[in-house]
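Descriptive structure summary
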Amino acid sequence: MSIAISPEDINAPQLKDLSIVRNEQKELNIKPVHALDKPFKTATFGMGCFWGAESLYGATKGIMRTTVGYAGGSKEGPTGDHTEVLEIDFDPEVISFQDLLKLFWNNHEYGLTTPIKRQYMSLILYHDEEQKKIAEQSKQDEQKKRAPEIVTTEIRPKTNFYPAEDYHQKYRLQGHRDLCDTLNFNSKLLQTSYVGTKLNGYLSGVGGLEQFKTEVETMGLTPTQKEYCTYYVEKNEGQGLYC
């Protein structure tokens, strides 16, 4: 599944001639940056539909990888009682778990105080005791802000995670089919790519053009790819998250 570029973008930079980017990659010795060789920690959140959450965190500084999937259930495999979640690898020297939780509390698709079916429930799956302690305190603080409403978020240990189908991974980015071709995506890279993570956020309108400019040199994009991405980052800036 992909999202077609609308007719109004007919004058936008094009990437249909793959050879142009391939020549740039060869002549300038540029390759898409799919992985960063840096220490990281992992967080796992359920915030409703996982498409919007993946874009939100992808365009956040310090995020190295995002993968959407299913977790939290009692059955083996992604069936029945699992929840749509986002797994996030982050650089703790740039962004803290507390900072991730601030985004978590303020960006649920279906709200925090309305009971909802398990597939889209509010869920924090902690990876260690430190995350558990921070998450529990954070929930208490959030509950005080929202009283008398009751925060429905559940906090549990992370025991399983099943990556979602390919068409769910980097869903907004996959709407830019020609760009994806130039980035050499396969099934694995859709789940793990650093440049895919960043562009899935920025191209959907999160983060904004000025922040994009501070990170674009880390992504391994050629001049033609940069021109294309800059156009859509600026065009979509501020349009808001949606599923």
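Residue numbers here run from 1 along each chain, matching the order of that chain's written sequence. Selection of residues for local features in this predicted model requires a pLDDT of at least 70, selection of side-chain atom pairs for listing and counting requires 80 or more, and totals for whole chains, interfaces and linings are taken over all residues. Side-chain measures were taken over the full set of non-hydrogen atoms in the model, leaving aside hydrogen atoms and water.

In the nomenclature of an unreviewed UniProt entry, the protein chain is known as peptide-methionine (S)-S-oxide reductase of Stomoxys calcitrans. According to its UniProt record, the protein chain has this under Sequence similarities (unreviewed entry): "Belongs to the MsrA Met sulfoxide reductase family." UniProt positions are given in the numbering used here, feature names are shortened, and annotations may be inferred rather than shown by experiment.

Structural notes on the sheet that holds strand β2 (residues 63-71)
Any two strands with at least two DSSP-identified bridges between them are counted as paired. The helix count covers DSSP runs of H or I at least four residues long, the strand count covers runs of E at least two residues long, and both are numbered beginning at the N terminus. Pairing is mixed in the open sheet, where six strands are placed in the order β5-β4-β1-β3-β2-β6. Of all the strands in the sheet, the pair left with one neighbour each is β5 (154-157) and β6 (162-163). Pairing of strand β1 (residues 41-47) with strand β4 (residues 122-126), which is carried by four bridges, proceeds in the antiparallel orientation. Residue pairing across strands places Gly46 opposite Leu123, the latter belonging to β4. Helix α2 (residues 50-58) contacts β1, β2 and β3 (83-90) of the sheet and is inclined by roughly 165° relative to β2. Across the sheet, helix α3 (residues 97-106) is in contact with β1, β2, β3 and β4; its angle to β1 comes to roughly 10°. For this analysis, residues touch if any pair of their heavy atoms sits within 4.5 Å. What counts as an axis is a line fitted to C-alpha atoms, over the stretch in contact for a helix, and the angles between N-to-C directions run from 0 to 180 degrees.

Re the pattern of salt bridges
Take a side-chain nitrogen of Lys or Arg and a carboxyl oxygen of Asp or Glu: if they are within 4 Å of each other, that pair is a salt bridge. Overall, the coordinates contain 13 salt bridges when judged by the stated rule. Put simply, Glu87 and Lys158 hold a salt bridge, and the shortest N to O gap is 3.1 Å. Of this pair, Glu87 sits in strand β3 while Lys158 sits in the loop between β5 and β6, placing them 71 residues apart in sequence. Salt bridges sharing partners connect three or more residues here, namely Arg65, Glu87, Asp89 and Lys158.

A word on a negative patch on the surface
Negative charge collects at one region of the surface, where Asp128, Glu129, Glu130 and Glu136 lie side by side. In this fold, Glu136 is placed in helix α4 (residues 129-146). Residues forming no salt bridge and having over 30% relative accessible area are the ones grouped into patches, like charges within 9 Å of each other and nonpolar side chains (Val, Leu, Ile, Met, Phe, Trp, Tyr) within 5 Å. Methods summary: accessible areas were calculated by the Shrake-Rupley approach with a probe of 1.4 Å, and residue burial reflects only the protein chains presented. A residue counts as positive if it is Lys or Arg and as negative if it is Asp or Glu; His and the chain ends are not included. Charge placement uses NZ in Lys and CZ in Arg. For Asp and Glu, CG and CD serve respectively.

Regarding the pairing of β3
With eight of its eight residues buried, β3 lies for the most part within the structure. Only protein chains enter the area calculation, which uses a 1.4 Å probe; residues under 20% of their type maximum are buried, those over 50% are exposed, and those in between are partly exposed. Side chains Thr83, Val85, Glu87 and Asp89 of β3 all project onto a buried face; the interleaved residues Glu84, Leu86, Ile88 and Phe90 project onto the opposite face, where all are buried too. One ladder, built from five bridges, connects β1 with β3; its direction is antiparallel. Pairing of Ala43 across the sheet is with Ile88, part of β3. In this structure, β2 lies alongside β3, joined through eight bridges in antiparallel fashion. Looking at the pairing, Ala71 lines up with Thr83 of β3.

Observations concerning the environment of Gln174
Mapped onto the elements, Gln174 comes out in the loop between β6 and α5 (177-182). Sequence separation between Gln174 and Leu36 is 138 residues; the distance between their C-alpha atoms is 22 Å.

Notes on the packing of α3 against α4
Look at α3 against α4: their axes get within 11 Å of each other, and the N-to-C directions meet at 40°. Judged by the twist between their axes, the crossing of α3 over α4 is right-handed. On the side of α3, the interface is formed by Phe97, Gln98, Leu101 and Trp105, while α4 contributes Gln131, Ile134, Ala135, Ser138, Lys139, Glu142 and Arg146. We call a crossing left-handed when the near helix sits turned anticlockwise from the far one by less than a right angle, and right-handed when that turn is clockwise.

Focus: helix α7 (residues 194-202)
Burial analysis of α7 places nine of its nine residues in the buried class, the great majority of the element. The set of residues buried in α7 consists of Tyr194, Val195, Gly196, Thr197, Lys198, Leu199, Asn200, Gly201 and Tyr202. Against α2, β2, α5, α6 (187-192), α8 (209-215) and α9 (223-236) lie the buried residues of α7. Nitrogen and oxygen atoms within 3.5 Å of one another constitute a polar contact, given that in protein one can donate a hydrogen and the other can accept it, and given that sequence-neighbouring residues count only through two side-chain atoms. Where α7 starts, the residue carrying a side-chain oxygen 3.4 Å from the main-chain nitrogen of Val195 turns out to be Ser193.

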